[in-house]
Amino acid sequence: MNREVTVGHMLFTVSVKDGDATWSVRPSEAVENAQTKVLFSGIVTEDMGDELLKLSWVIRLAEDEAKGKADV
């Protein structure tokens, strides 16, 4: 299984092969192939999904605050 999600200018790839799950991040729009190298990668660890959900909420709050919608 290979899934890719673009976030801003970054391409996140999550892969599962032979029972191991990994992730990587690279630029989503590169002028040259040399610029598409993986910047970060690692294994998917327990609770990573929950941690990323928390990050999602922090980003959502930042978006709202930047638009003047958040109660700070």
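What comes next is a walk through the structure. (Residues numbered from 1 in each chain as written. Predicted model: local features only at pLDDT ≥ 70, side-chain atom pairs only at ≥ 80, totals over all residues. Heavy atoms only, no water.)

Taken as a whole and judged by the stated rule, the model has two salt bridges. Of the charged contacts, one joins R26 and E4 as a salt bridge, the two residues approaching to 3.4 Å between their closest N and O atoms. Of this pair, R26 sits in strand β3 (residues 20-27) while E4 is found in strand β1 (residues 2-7), placing the two residues 22 residues apart along the sequence. Note on R26: relative accessible area 21%, which makes it partly exposed. E4 gets classed as partly exposed once you look at its relative accessible area, which sits at 48%. (Salt bridge = Lys/Arg side-chain N within 4 Å of Asp/Glu carboxyl O. Helix = DSSP H or I, 4+ residues; strand = E, 2+ residues; numbered from the N terminus. Buried < 20%, exposed > 50% of the residue type's maximum accessible area, 1.4 Å probe, protein only.)

Turning to a nonpolar patch on the surface, a few remarks are in order. Where nonpolar side chains cluster on the molecular surface, the patch consists of M1, V14, V16 and V44 and spans about 290 Å² of accessible area. Tracing the backbone through its elements, the reader meets V44 in the loop between β4 (40-43) and α1 (48-66). The class for V44 is partly exposed, based on a relative accessible area of 36%. (Patch = residues over 30% accessible without salt bridge, like charges linked within 9 Å, V, L, I, M, F, W, Y side chains within 5 Å. Areas by Shrake-Rupley, 256 points an atom, 1.4 Å probe, with all protein chains shown as cover.)

If you trace the backbone, H9 turns up in the loop between β1 and β2 (10-17). In this structure, the C-alpha to C-alpha distance between H9 and P27, residues 18 residues apart in sequence, is 6.0 Å. Apart from the residues within four sequence positions on either side, H9 is in contact with R26, P27, S28 and E29. (Contact = heavy atoms within 4.5 Å.)

Phi is positive for D18, close to 55°, though the residue is something other than glycine. Here D47, not a glycine, exhibits a phi torsion of approximately 75°, which is positive. Note that D47 resides in the loop between β4 and α1. Accessibility expressed as a relative area gives 46% for D47, which makes it partly exposed.

Of the pockets and cavities examined, the largest pocket occupies roughly 560 Å³. Together, 21 residues line the largest pocket, and V5, V7, F12, V14 and L52 are the ones closest to its centre. For the lining of the largest pocket, the elements supplying multiple residues, two or more each, are β1, β2, β3 and α1. The dominant element in the lining of the largest pocket, judged by the number of residues it contributes, is α1, at six residues. Grouping the amino acids of the lining of the largest pocket by side-chain chemistry returns 14 nonpolar, five polar and two charged. (1 Å grid on protein atoms, 1.4 Å probe; cavity = no way out; pocket = protein on both sides within 12 Å on 5 of 7 lines; lining within 4 Å. Points joined across faces, edges and corners; volume = space filled by probe spheres on them. Nonpolar A, V, L, I, M, F, W, Y, C, P; charged D, E, K, R; others polar.)

In short, shape yes, function no, at least from these values alone.
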